[in-house]
Amino acid sequence: MRLQRMQPPEVPQVEAPAQEEEYPQVPAGPLPMAADGQEESSDTALLGTWLRLSEMNSNDTEKPTCDMKRYQAALSSMLLREDGIRKVVSSRVCSVAIHPSESTVLVAAGDKYGHIGLWDVSCTSEGGAHIFTPHNLSVNCMRFSPSHPAQLLSLSHDSLRCGDVSRAVFDEICRSEDSLSSFDFLEDSACTAIVGLWGGTVAVVDRRTPGTSPELSADIGFKVTRTVDVHPVDKQYFLAAGSVDVRVYDVRWLRRSGNKAVSTLHGHSKSVASAYFSPVSGQRVVTVCADDRLRVYDTSSLSATSALLSTVRHNNNTGRWLTRFRAVWDPKQEQCFVVGSMVRPRQIEVFQDTGELLHAFCNPECLGSVCSINAFHPTRNVLVGGNSSGRLHVFME
C-alpha cells in the first residue's frame, strides 16, 4: 500500500493591524501645533479663533445660583441639535475641556490614541474642527489655563504638555517613565500642578523650573491614583482617588514617603473612578465607584473623616469599551453635578448633592450612544458630552 504524504492545513494570512496609525510615535520635546492632514489655511483659521477668544476672555464670571427652579429651567432650555454633533477625534473620548469664552463655544477633546481635537461649534464647515497629535497614548486629562486660556494643558501616560496657541507649539512640561493619570493646577497662574500616577504616587510639577522632571514625587500609600483635584479656595489641599481610597492631602507637607492624609472619605468597596471638590467652596466632594454608587461627602471642615451626605444607586458598569464615568460639578452651580448614564434611551444625568435627579439630557433622534465624559461651560448654559467613537454632543440654548 502506498502512503500519501499528508499536507499541512493551509493557514490563512492575517494582515497585522496598522498600529502605526493608531499609536503615533510622538517624539519628546516641543512639537509644532500643526493639524493632522489639514490644509495650513484652515488650520491657521481655527488657531486664530482660539487666540482671538483668549485675548477677549474676561476672568469675571457669573456667581453660581442657588435657585433650583431657575437652574432646572436653564437645563431644560439646553437642547441637542444635528449641528451640535461632530466626530472630533478618531477614537474613544477620554477627556474634554471647554474654553471659557462667552462669545464662541470652543471645545477640546482628547482620545485613546494621543489625539486632541479642537472644535469651533459655531463653524459648520469642515474647517471648524482639527486634530492634533501631541501624545502617544490616551489623553486622560485636559484643562485650559485659568489665567491664560490661550494655553491648553494635556496629560497622557508619558507626558504633560502645554499647547500654547500664541506660540503655536506643544511644549513638554513633564515627562515620566511612570505612567501619568491626571493633574490639576495648584494656583490660578497654572505655573504649578499636582500630578497623579497610575502607580499610586503623586508628583509636584513647576513649569518655571528648567527640564521635564517633577519637583517632588511622593508616595501617598495608594496602589493606584486615578484622579487628583485641588481645593478651589484652600489650594494647599488636594484630593486623590485610587483603588478604594479617597483622601485629602496637604501639598505643603508632602514628603517622598510617610505621608498622612488630612481627611479620609470612607465607604468605597470597589475601585473609585473619580473624586472632585465642588467648584466654588470645596465643601462637597462627589465620587464615582465601581460598586454602582455615586457618593457626596461633606468636606466643609476637613476633619479626619469626612461625613457621607448622600448616596445614589447608579449603574457605573461601563465595561472595557467605554471610558469610565466621572461625575463633575457644574462650575455655575455649586450644588449640582453631571455624569454619564447607561440608561436607555441614552442620556446624560444631572444630580443635586442631595442625591435628587434634577434633569436628564436626552434626544432619542440624535443621542444614541453613552457619553462617558461630560463637561459644563464655566459661564454659559452649554453641556458637552463625548462618546466612545470620538463624537462630541453639545447641548445648548
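Further up the page is the structure itself.
Criteria and thresholds
Residues numbered from 1 in each chain as written. Predicted model: local features only at pLDDT ≥ 70, side-chain atom pairs only at ≥ 80, totals over all residues. Heavy atoms only, no water. Buried < 20%, exposed > 50% of the residue type's maximum accessible area, 1.4 Å probe, protein only. Helix = DSSP H or I, 4+ residues; strand = E, 2+ residues; numbered from the N terminus. Arc of directions from axis to C-beta. Polar contact = N/O pair within 3.5 Å; in protein donor to acceptor, adjacent residues only side chain to side chain. Pairing = 2+ DSSP bridges. Axes fitted to C-alpha atoms, helices over the stretch in contact; angles between N-to-C directions. Salt bridge = Lys/Arg side-chain N within 4 Å of Asp/Glu carboxyl O. 1 Å grid on protein atoms, 1.4 Å probe; cavity = no way out; pocket = protein on both sides within 12 Å on 5 of 7 lines; lining within 4 Å. Points joined across faces, edges and corners; volume = space filled by probe spheres on them.

K.L.:
Explain helix α3 (residues 68–76) here, please?
P.N.:
Structurally, the α-helix is built with 3.6 residues per turn, so residues lying three or four positions apart point the same way. Along α3, the residues that are buried comprise Met68, Tyr71, Ala74 and Leu75. For α3, the angular spread of buried residues about the axis comes to 120°, placing them on one side. Across from the buried face of α3, at angles greater than 90 degrees, the exposed residues are Lys69 and Arg70. Capping the start of α3, aspartate 67 holds a side-chain oxygen 3.1 Å from the backbone nitrogen of lysine 69, two or three residues further along.

K.L.:
It is not clear to me how the sheet that holds strand β11 (residues 180–185) should be interpreted in this structure. Could you clarify?
P.N.:
Sheet strands pair by backbone hydrogen bonding; their relative direction is either parallel or antiparallel. Strand order in the open sheet formed by four strands is β11-β12-β13-β14, with antiparallel pairing between adjacent strands. Lying at the two open borders of the sheet, with one neighbouring strand each, are β11 and β14 (216–219). Sheet twist, expressed as the average angle between the axes of neighbouring strands with direction ignored, equals 25°. Bridge count for β11 against strand β12 (residues 192–197) is five bridges, and the pairing is antiparallel. From the neighbouring strand, phenylalanine 183 faces β12, where its bridge partner is valine 195.

K.L.:
Help me out: how do you make sense of the pattern of salt bridges in this one?
P.N.:
Pairing between side chains of opposite charge can happen when their charged atoms approach one another. Using the criterion set out here, one finds 16 salt bridges in the structure. The closest approach of N and O atoms between arginine 175 and glutamate 172, which form a salt bridge, is 2.7 Å. On the basis of relative accessible area, glutamate 172 is assigned to the buried category, the value being 14%. Where salt bridges share partners, they join Asp158, Arg161, Glu172 and Arg175 into one cluster.

K.L.:
Quick question: what am I supposed to make of the side chain of arginine 161 here?
P.N.:
Mapped onto the fold, arginine 161 is located in strand β9 (residues 159–164). Polar contacts involving the side chain of arginine 161 include one to the main-chain carbonyl oxygen of proline 27, which spans 3.0 Å. Within polar-contact distance, the side chain of arginine 161 engages the side chain of glutamate 172 at 3.5 Å.

K.L.:
What exactly am I supposed to notice about the sheet that holds strand β26 (residues 357–362) here?
P.N.:
Taken in spatial order, the four strands of this open sheet run β23-β24-β25-β26, and their pairing is antiparallel. Only two strands of the sheet have a single neighbouring strand rather than two, namely β23 (328–330) and β26. Pairs of neighbouring strands in the sheet enclose a mean axial angle of 30°, with direction left out of account. In the sheet, β23 pairs with strand β24 (residues 333–340) via three bridges, with the strands oriented antiparallel. Pairing of valine 328 across the sheet is with valine 338, part of β24.

K.L.:
It is not clear to me how empty space enclosed by the protein should be interpreted in this structure. Could you clarify?
P.N.:
A complete count under the given rule lists one cavity of 30 Å³ or more for this structure. Its volume calculated, the largest cavity comes out at about 30 Å³. Listing elements by their share of the lining of the largest cavity, those giving two or more residues are α2 (40–56) and β5 (116–120).

K.L.:
Which parts of the structure should I look at to understand the pairing of strand β4 (residues 106–111)?
P.N.:
Along any regular strand the residues' side chains alternate between the sheet's two faces. Across the six residues that make up β4, a large majority, six, are buried. Residues Leu106, Ala108 and Gly110 line one face of β4 and the alternating positions Val107, Ala109 and Asp111 line the opposite face, and both faces are buried. Summarising the sheet, strand β3 (residues 93–98) and β4 pair through five bridges and their orientation is antiparallel. By the bridge assignment for β4, isoleucine 98 is matched with valine 107. Here five bridges tie β4 to β5, and the two strands are oriented antiparallel to one another. Paired with alanine 108 across the two strands is leucine 118, which belongs to β5. Where β4 folds back onto β5 in an antiparallel hairpin, the turn is made up of four residues, including glycine 114, whose phi is positive at roughly 90°.

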